[in-house]
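Next come the chains, spelled out residue by residue.
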Amino acid sequence: ETGVTQSPTHLIKTRGQQVTLRCSSQSGHNTVSWYQQALGQGPQFIFQYYREEENGRGNFPPRFSGLQFPNYSSELNVNALELDDSALYLCASSLTGRGANVLTFGAGSRLTVL
Amino acid sequence: DQQVKQNSPSLSVQEGRISILNCDYTNSMFDYFLWYKKYPAEGPTFLISISSIKDKNEDGRFTVFLNKSAKHLSLHIVPSQPGDSAVYFCAASRRGGNEKLTFGTGTRLTIIP
């Protein structure tokens, strides 16, 4: 089975720009979650998508938005980038209904905002 | 507000000895706890979990202990091996809480050969 893949792996943007990060779920998984990991911190929950709809959101402003597609892949969009948005963005997939909160993570997209 | 805390940023242990990683939480609504391991340039990988109805869960060399009254859990690795060198994250969630995980800041474990 294929794992979670994310693209791009690294990117550099400037303040005020917009960015789109992409994620392909692990085969058989139907739920995608996004996390932000700042330097020296643990991952922080941004939001989750299930059946193409947002299914829970963390403490992030509306300029963080997402999409889930019928094939369960997902995008994270961030508008009006700020310096503090520099972080590793992790995508995780899971199979809702299995009970256990075990997420399978991708390797992440490292965003640097200058 | 740090609801899950890992107070030791780093830990060094001799190969073959026991590694003990600690985690504290403040939210009494948490009822499911997980440990993830992360190597550089890779995503976190699930290691072991425990439900709040248990106080111990074992999987090979890895054992997680949960003390609900103290809101404390620990991960024991016995015996420690060089491949165990990684960053370990403690995470907590609520069943039925759309699988949102709240993570600690991580502990970097180094196994000394």
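## Some points on the pattern of salt bridges
All names here are of chain A.
- Tallied over the full model, the rule gives six salt bridges over all chains.
- Ionic pairing is found between arginine 63 and glutamate 82, a salt bridge with its closest N-O pair at 3.3 Å. Here arginine 63, found in the loop between strand 6 (53-57) and strand 7 (64-68), pairs with glutamate 82, found in the loop between strand 8 (74-78) and strand 9 (87-94); they are 19 residues apart in sequence, far enough to count as distant.
- Residue classification places glutamate 82 among the partly exposed residues on the basis of a relative accessible area of 41%.
- For aspartate 85, the salt bridge identified is with arginine 63, shortest N-O distance 2.8 Å. Residue aspartate 85 is found in the loop between strand 8 and strand 9, and its partner arginine 63 is found in the loop between strand 6 and strand 7; the two are separated by 22 residues along the sequence. Of the two residues, aspartate 85 and arginine 63, both sit in the buried class.

## Some details on the sheet that holds strand 3 (residues 19-24) of chain A
Residue and element names in this part refer to chain A.
- Sheet architecture is open: four strands sit in the order 1-3-8-7, paired in antiparallel fashion. Each end of this open sheet is capped by a strand with a single partner; those strands are strand 1 (5-7) and strand 7. Averaged over all pairs of adjacent strands, the angle between strand axes in this sheet comes to 20°, irrespective of strand direction.
- Pairing analysis gives five bridges linking strand 7 to strand 8, with the strands arranged antiparallel. From the neighbouring strand, glycine 66 faces strand 8, where its bridge partner is leucine 76.

## Remarks on the confidence of the model for chain A
- Confidence in the prediction for chain A averages 92 pLDDT; 95% of positions are at 70 or higher.
- By mean pLDDT, strand 6 of chain A is the weakest element of chain A at 90, and strand 11 (residues 109-113) of chain A is the strongest at 98.

## Digging into the packing of aromatic side chains
- Per the counting criterion, the structure on display carries 12 aromatic pairs over all chains.
- When the ring of Phe47(A) is compared with that of Tyr49(A), the centres are 5.3 Å apart and the planes differ by 85°; the resulting orientation is edge-to-face. Neither Phe47(A) nor Tyr49(A) differs from the other in exposure class; each is buried.
- Consider the rings of Phe89(B) and Phe103(B), whose centres lie 6.2 Å apart with planes at 90°: the pair is edge-to-face. Taken as a pair, Phe89(B) in strand 9 (residues 86-93) and Phe103(B) in strand 10 (residues 102-103) lie far apart in primary sequence, 14 residues in all. An identical accessibility class is assigned to Phe89(B) and Phe103(B); each is buried.
- Among the aromatic side chains, those forming a connected cluster through ring pairs are Tyr35(A), Phe45(A), Phe105(A), Tyr36(B), Phe46(B), Phe89(B) and Phe103(B).

## Things to note about the environment of Gln2(B)
Residues and elements named next belong to chain B.
- Position of glutamine 2 relative to the elements: it lies in the segment before strand 1 (4-5).
- Taking the C-alpha atoms as reference points, glutamine 2 and serine 28, separated by 26 residues in sequence, lie 13 Å from one another.
- With sequence-adjacent residues up to four places away left out, glutamine 2 is seen in contact with Thr26, Phe103, Gly104 and Thr105.
- Polar side-chain contacts of glutamine 2 include one of 3.2 Å to the backbone oxygen of valine 4.

Scoring rules and cut-offs
Residues numbered from 1 in each chain as written. Chains lettered and ligands numbered in written order. Predicted model: local features only at pLDDT ≥ 70, side-chain atom pairs only at ≥ 80, totals over all residues. Heavy atoms only, no water. Salt bridge = Lys/Arg side-chain N within 4 Å of Asp/Glu carboxyl O. Helix = DSSP H or I, 4+ residues; strand = E, 2+ residues; numbered from the N terminus. Buried < 20%, exposed > 50% of the residue type's maximum accessible area, 1.4 Å probe, protein only. Pairing = 2+ DSSP bridges. Axes fitted to C-alpha atoms, helices over the stretch in contact; angles between N-to-C directions. pLDDT = per-residue confidence, 0-100. Phe/Tyr/Trp six-rings, centres within 6.5 Å; stacked < 30°, edge-to-face > 60°. Contact = heavy atoms within 4.5 Å. Polar contact = N/O pair within 3.5 Å; in protein donor to acceptor, adjacent residues only side chain to side chain.

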